[in-house]
Amino acid sequence: PLGKKASTTPVIDAGVPKVDDDGRAIVCPRCKNDEHSDIAIYCSSCGLPLYNMCSGDDRHKNVPSARFCELCGARTYWNMDEAELQKHGVPPLD
């Protein structure tokens, strides 16, 4: 919504999202969209990864509660605030 302030807290601070057996968020932890196809990797509404991927070059999948990648140490997308998400190419929320 117009005039809505960008969140300065990481997505994961709202609570660890429920995930399916593959570790994919059932509901987007950022915009709460629950309509994605079986092959979706990113939310079709806001662009956030539906997996808790790291921001490193290899985009490792992490457990939902991870704030940093267990393989490379990079920050996870679900542990980023709106400004950090945008720096990593995730479009701002409308």
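In the block above lies the structure referred to throughout.
My aim in this report is to walk through the structure given alongside it, one point at a time. None of these values were measured; they are calculated from a predicted model. (Residues numbered from 1 in each chain as written. Predicted model: local features only at pLDDT ≥ 70, side-chain atom pairs only at ≥ 80, totals over all residues. Heavy atoms only, no water.)

1. Comments concerning the nonpolar core
Formed by 16 residues in total, the largest nonpolar core has its most connected members in C28, L48, Y77, W78 and L85. Not counting the four nearest positions on each side in its chain, Y77 is found in contact with L48, P49, N52, M53, C54, S55, R59, L85, H88 and V90. (Core = buried A, V, L, I, M, F, W, Y, C linked by side-chain atoms within 4.5 Å. Buried < 20%, exposed > 50% of the residue type's maximum accessible area, 1.4 Å probe, protein only. Contact = heavy atoms within 4.5 Å.)

2. Examining the pattern of salt bridges
The tally for this structure, following the rule as stated, stands at four salt bridges. Taking the shortest distance from any N to any O, the salt bridge between K61 and D22 comes out at 3.8 Å. With K61 in strand β2 (residues 61-62) and D22 in the segment before β1 (52-53), this pair connects stretches of sequence that are 39 residues apart. Classification of K61 as partly exposed rests on a relative accessible area of 48%. (Salt bridge = Lys/Arg side-chain N within 4 Å of Asp/Glu carboxyl O. Helix = DSSP H or I, 4+ residues; strand = E, 2+ residues; numbered from the N terminus.)

3. Let's talk about the environment of H60
The topology assignment puts H60 in the loop between β1 and β2. The spatial distance from the C-alpha of H60 to the C-alpha of A74 is 9.3 Å, given a sequence separation of 14 residues. In this structure H60 touches N52, M53, C54, C69, L71 and C72, once residues within four positions along its chain are discounted.

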